[in-house]
Amino acid sequence: MISGVVLAGGGNKRFPALKSFLKVNGITLIERNLGLLDCFCDEVFINTNAPEFYSGYNRIMCGDVLPSLGPMSGIHSGLLNAAHDDLFVVACDMPFLKKSLLSFIFKRHLEASNSAVYDATIPVFNGKVQPLCGIYRKTVLPSLERHLLEGRNSMHLYLGEIKTNFISEHEIKEIDLHGNSFININTINDYEAHRECEGKFILTL
């Protein structure tokens, strides 16, 4: 039993439109990523500080409980609102997430849960952790809250402090060779650079 959340609470300050409503093959990113999580989670909701934009999706929504400091605030709020102990987190601005990758992360998390106590299961690609496509447990809530109240919001540093089950880059490349799942659209330059990815996904405004 696992909950899922799409993080859509960011300020969207560097892009001229709400990134959630960019489309891949005619489907908005928010709709696409909600649907992917539906394949693995029995509850999927949206983290947003602008719920008026998402009322048409008939989903539970939650805003940041503590002052908004980026994705860490959204993960914290998502865990507080999740019905289950484990929360699958993805960002709204990741257009090319692969279902097969999410399935692998889910599998690895279950395997790790049977053999050891981990706080999170997170993939690594290009030598960097990918905190916005992974699974977190409610065991991290006290430390997340402490970091946020102290103004420390680096997910990369945070994941090195908790018991994180890192999925190696080698394993990830067997599923997503070029790491397209981890592409996110922060600026108009990102949008232009990734309008077409792998020859089959077309990103449109």
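Residues numbered from 1 in each chain as written. Predicted model: local features only at pLDDT ≥ 70, side-chain atom pairs only at ≥ 80, totals over all residues. Heavy atoms only, no water.

Reading across from one edge, β3-β2-β12-β11 is the order of the four strands in this open sheet, with antiparallel pairing throughout. The outermost strands of the open sheet, each flanked by one partner alone, are β3 (27-28) and β11 (196-197). In the sheet, strand β2 (residues 23-24) pairs with strand β12 (residues 201-204) via two bridges, with the strands oriented antiparallel. When the sheet's bridge partners are listed, Lys23 is paired in β12 with Thr204. (Pairing = 2+ DSSP bridges. Helix = DSSP H or I, 4+ residues; strand = E, 2+ residues; numbered from the N terminus.)

Glancing now at the pattern of salt bridges. One pass over the full model with this rule turns up 10 salt bridges. Its salt-bridge partner being Arg108, residue Glu111 comes within 3.9 Å of it at the nearest N-O pair. Note that Glu111 and Arg108 are positioned in helix α3 (residues 99-115) at a spacing of three residues, about one turn of the helix. A relative accessible area of 38% means that Glu111 is categorised as partly exposed. Residue Arg108 is classed as buried on the basis of its relative accessible area of 16%. Note that Arg108 is salt-bridged to Glu171, the shortest N-O span being 2.5 Å. Of this pair, Arg108 sits in helix α3 while Glu171 sits in helix α6 (residues 169-173), and the two are 63 residues apart along the sequence. Residue classification places Glu171 among the partly exposed residues on the basis of a relative accessible area of 24%. Salt bridges linked by common partners bring Arg108, Glu111 and Glu171 together as one network. (Salt bridge = Lys/Arg side-chain N within 4 Å of Asp/Glu carboxyl O. Buried < 20%, exposed > 50% of the residue type's maximum accessible area, 1.4 Å probe, protein only.)

Turning next to unusual backbone geometry. Not every positive phi belongs to a glycine, and Asn25 is a case in point at roughly 50°. One can find Asn25 in the loop between β2 and β3. Here Asn25 falls in the partly exposed class, since its relative accessible area comes to 47%. Residues other than glycine seldom take positive phi values, yet Asn126 does so here, at roughly 55°.

Fair warning: the whole summary comes from geometry, so function is off the table for now.
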